[in-house]
Amino acid sequence: MFKDVAFGQYYPVNSPVHRLDARVKLLLTIMFVVSIFFIQTYFGFMLTAAVLLITILLARLPILSVLKSVRGILLIVAITAIINLFFIKEGDVLVQSGAIVITKTGVHTTIKMVLRLVLLISGASLLSLTTTPVQLADGLESLMAPLKLVKVPVRDIAMIMSIALRFIPTLFEETNKIIAAQKARGAGFDTGGLLSRVKAMLPVLIPLFVNSFRRADELAFAMDARCYNATDKRTKMKKAKLGFGDLIATLFIAGYFVVILLERYYFPTVDINIDGAIFGGLL
Amino acid sequence: MSAIEISNLNFVYSKKTPNEKQALKNINLSVEEGAFLGLVGATGSGKSTLIQHLNGLIKPQDKKRMSVVVNGMSATDRKNLKKLRFEVGMVFQYPEYQLFEDTVAKDVAFGPKNMKLDKEEIDRRVRRALEVVGLDYDKFASRSPFDLSGGEKRRVAIAGVIAMQPKILVLDEPVAGLDPIGRREILALVKKLQKEVSPTVIIVSHNMDDMAQLADRIVALKDGEIIADGTPKQVFCNRNLIKEAGLDLPTATSLADMLIARGVELPRDIVTMEELAKELGASLRKKRSQAVADDNDETKIGEDADGGFYAESYDEDVEVEGVEVNGVEVNGVEDPDGEDEDV
Ligand SMILES: Nc1ncnc2c1ncn2[C@@H]1O[C@H](COP(=O)(O)OP(=O)(O)O)[C@@H](O)[C@H]1O
Ligand SMILES: [Mg+2]
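Residues numbered from 1 in each chain as written. Chains lettered and ligands numbered in written order. Predicted model: local features only at pLDDT ≥ 70, side-chain atom pairs only at ≥ 80, totals over all residues. Heavy atoms only, no water.

### Observations regarding the overall build of chain A
A tally of regular secondary structure across chain A gives 11 helices and two strands. Listed by position from the N terminus, the elements making up chain A come as α-α-α-α-α-β-β-α-α-α-α-α-α. Against the 2.2 N^0.38 benchmark of 19 Å for 283 residues, chain A shows a C-alpha radius of gyration of 24 Å, more extended than a compact globule. The buried share among the 283 residues of chain A stands at 35%. Taken as a whole, chain A presents about 17100 Å² of accessible surface, with 71% of it coming from carbon and sulfur. For chain A, the centre of its 30 positive side-chain charges and the centre of its 18 negative side-chain charges are spaced 5 Å apart. (Helix = DSSP H or I, 4+ residues; strand = E, 2+ residues; numbered from the N terminus. Rg over C-alpha atoms; globule rule 2.2 N^0.38 Å. Buried < 20%, exposed > 50% of the residue type's maximum accessible area, 1.4 Å probe, protein only. Areas by Shrake-Rupley, 256 points an atom, 1.4 Å probe, with all protein chains shown as cover. Lys, Arg positive; Asp, Glu negative; His and termini not counted. Charge placed at Lys NZ, Arg CZ, Asp CG, Glu CD.)

### Overview of the domain arrangement of chain A
Domain parsing of chain A yields domain 1 (1-131 + 242-278) and domain 2 (155-234). Each of domain 1 of chain A and domain 2 of chain A has a C-alpha centre, and these two points are 33 Å apart. (Domains from an automatic or database assignment.)

### Describing the sheet that holds strand S1 (residues 2-13) of chain B
Residues and elements named next belong to chain B. Sheet architecture is open: four strands sit in the order S2-S1-S4-S5, paired in antiparallel fashion. Both outer strands of the open sheet, strand S2 (21-32) and strand S5 (73-74), are each paired with one neighbouring strand and no more. Here four bridges tie S1 to strand S4 (residues 67-70), and the two strands are oriented antiparallel to one another. Looking at S4, one finds that Ser7 is bridged to Ser67. (Pairing = 2+ DSSP bridges.)

### Brief notes about the pairing of strand S3 (residues 36-41) of chain B
All names here are of chain B. When you tally the buried positions in S3, you get six out of six residues, the bulk of the element. Side chains Phe36, Gly38 and Val40 of S3 all project onto a buried face; the interleaved residues Leu37, Leu39 and Gly41 project onto the opposite face, where all are buried too. Of the strand pairs in this sheet, S3 and strand S8 (residues 200-204) are connected by four bridges, and their pairing is parallel. Its bridge partner being in S8, Leu37 is matched across the sheet by Ile202.

### What about the pairing of strand S1 (residues 93-97) of chain A?
Residues and elements named next belong to chain A. Looking at chain direction, S1 and strand S2 (residues 100-103) are connected through four bridges and run antiparallel. Following the sheet pairing, Ser97 is matched in S2 by Ile100. Between the antiparallel neighbours S1 and S2 lie two residues, among them Gly98 with a positive phi of about 65°.

In structure tokens form, the structure reads like this:
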């Protein structure tokens, strides 16, 4: 039941995207995510989808692995879509029966909303699919370095993050083990109503918490024993270096970002007309 | 009737991903009722994957070609699943990490409760299970399992499985992480459980000494394949095979090899310490009586001897022979005592 969570699911292949510097990937992902909020037209969405697709192909990821992360937010997408579809009352009316009014603007807004969410999650999941948790934490630490000046404990935050990320797979594995053990004693996890299902999870959750606290204790001892925090300046075992690929990737995403800005502020009315495709016989 | 029949079993983890891993390859195994089977193999050889097929925690990936039948029930059949879970008691590695109730008695009752037994029967089983594993009911029943010692926790966890009164008991490395006394107690307990609760036992272990002593059949896995199946003597005395499987020889077997390399006359199929002690005693007695006989001959031609001489001449004898044999490296047994070779 926890197998489908795509977060932190590094997909281990060797590709140009995997080899990019984690800091660059972080910044470019942020740029990509921001750009998605600027998109205005279907042309913009198509361009974004194309950029995403090219990146997926370059990263040698199966499309399915990216779509899996979208599955996690399907419910949110559905709810948002329904709200948009039924509560936007401006524009030409398409369907009207009793209290239900669906307008053309409503349909367009809904489609764009869904596209936005799907592209957003896909783009963000590309980062975790192509970057190991440790690289991510290191990248974040290095990007947050300026905050040290205002006395933010960046190093400790980074350590907390990398420990948390490091233990996600361990926790999954442990959860599966405990589930197996309780199933072996006849526990059922997918029968009954909501309350009985929650109750059925207790034999899994309690040992999971107990074990996590025990682990945290042990880890704290181990870090103390190795004098964590005794020296001010720790150095990295692997120093990240920017390369040619990072430059190309930056130009690629920055170029895309510029096009999206132009699309929004200079040509917001130039768009592909998809009314025929979506409304068809209705008009 | 055999308790377990497995045929053509293959298993692949994470199919069609870069992490794809074939954990089991063409496993055919049949286990008789009443067997005490030791499952051995290096880490990652597929032992845990194999045993989880026995109670349907993992299902065969191809229902047509593979089959797992336990006590006449097919493990591929969904409607057998619950029954299977109760007939095959599975004690996982570090079972104490799965305790969750606030009292020992409640935790042990979890299995029987899931069996939908009535309250009296549940109470009876909890009481009996705790007593079988050697925990006094009145003293432990209302304590929190989290306040117990490591060994006690493990007993509670085992009691939780025993309370279902499974016909087959499967234990995955039950002595991992215990001190020597703890491990001896748990192993003795497993033997007792076979007699009193579950007639068929499968035990996964890394400790060849324990297996040689306890099991009446050994199955060795390597990279998901069965590479040996037989009595402890048959399996452990095949030294090349044990090495190939990435396992250790039982201590008694490797000690016997070292002694043989030094010229002590011993049979080559020793697997337990008891056997070694017996055979070594016999061998020494024989040697000594020979020495006495030789000495008597020598005395006849006029040389003197006292009690201490026998011992001395015996010592020298062994050392000299040992060097000769060591020179050609018998069986690749390493000489732990480098000084000998310089003699
Ligand atoms: N949940 C899993 N997902 C992917 N691979 C696994 C999983 N569990 C085990 N494996 C792999 O399958 C092989 C056999 O594992 P396992 O049955 O646990 O071996 P053993 O118990 O003999 O140490 C190992 O190579 C292991 O890495
Ligand atoms: Mg294992």
